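# Coordinate inspection notes
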Amino acid sequence: DFGAATPVTLILDKNSVWGGAGTWNLSQLNYATRSLTLTAFANTINFSGHNTPITGSTGTILSSAATVWNFTGGTSQTLPAAANVQYGSIRVSNSTTVTLGIGLNAANLLAGIDVQTGTLSNGGFAIVGTAGNTFNVANGATFLLTGTSTMVTGFGTRTFGSTLPNCSTVNY
């Protein structure tokens, strides 16, 4: 069962292609040395695991732009420092902090970023979107720039919650 009440750790034993639309509730995804391809259908993958919920070594993850990678944990999470992981869109709905382990650009981020709750830290890495992508920080959520990094660039739309008293926050 991949229901929200019973998230599982999924370890790829073979190269895999996931087709169809749906929601996956995972604690962790270990792609090891395998490849995972997500087809063009709308999928949401909720990650509740702590630390680095996506792990692997020399494998690859190829996402469709329609896939939402939703980081939902109640503890700090870090996206992997691997150039071989491609995201559709990234959603942060974590009550604490999600930190990037690598810079994001048109090669590894196919859609937008939506910080709904908690904090997204860029980990000191650049975030570069494309004109068709949206970067959103909702009311009550935080975007944290660290190191010598600069504000996100390239996104066609950048939206920051502005409803008082719970506006979004950008710390730099």
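Throughout this document, residue positions are counted from 1 along each chain, in the order its sequence is written. Residues qualify for local features only when their pLDDT is at least 70, as the model is predicted, and side-chain atom pairs are given and counted only at 80 or more; totals for whole chains, interfaces and linings, by contrast, use all residues. Note that water and hydrogens are dropped before the side-chain values are worked out from all heavy atoms of the structure.

### Observations regarding the overall build of the protein
In plain terms, the rule: Under the DSSP-based scheme used, a helix requires at least four consecutive residues in state H or I and a strand at least two consecutive residues in state E, with every element numbered from the N terminus. When accessible area is computed with a 1.4 Å probe and restricted to protein chains, residues below 20% of their type maximum are described as buried, those above 50% as exposed, and intermediate ones as partly exposed. We call two residues contacting when some pair of their heavy atoms lies within 4.5 Å. Using a 1.4 Å probe, accessible areas were evaluated by the Shrake-Rupley method; residue-level cover was limited to the displayed protein chains.
Along its length, the protein carries zero helices and 15 strands. Classification of the 172 residues of the protein by burial places 42% in the buried group. When contacts within the protein are restricted to residue pairs at least 6 apart in sequence, long-range pairs at least 24 apart make up 41% of them. Summing over all exposed atoms, the protein offers an accessible surface of approximately 7700 Å²; the carbon and sulfur share of this is 55%.

### A look at the environment of Leu79
The topology assignment puts Leu79 in the loop between β9 (77-78) and β10 (89-99). For Leu79, a relative accessible area of 3% corresponds to the buried category. In contact with Leu79, not counting residues within four places along its chain, are Phe71, Tyr87, Ile90, Val98, Thr99, Leu100 and Gly101.

### Digging into the nonpolar core
Rule in force here: Only buried Ala, Val, Leu, Ile, Met, Phe, Trp, Tyr and Cys residues count toward a nonpolar core, and they belong to the same one when joined by side-chain atoms within 4.5 Å.
In this structure, Leu29, Trp69, Phe71, Tyr87, Ile90 and Ile113 are the most contacted members of the largest nonpolar core, which totals 35 residues. Mapped onto this core, the elements with two or more residues apiece are β3 (22-32), β4 (35-38), β5 (43-47), β8 (68-71), β10, β11 (113-121) and β12 (134-137).

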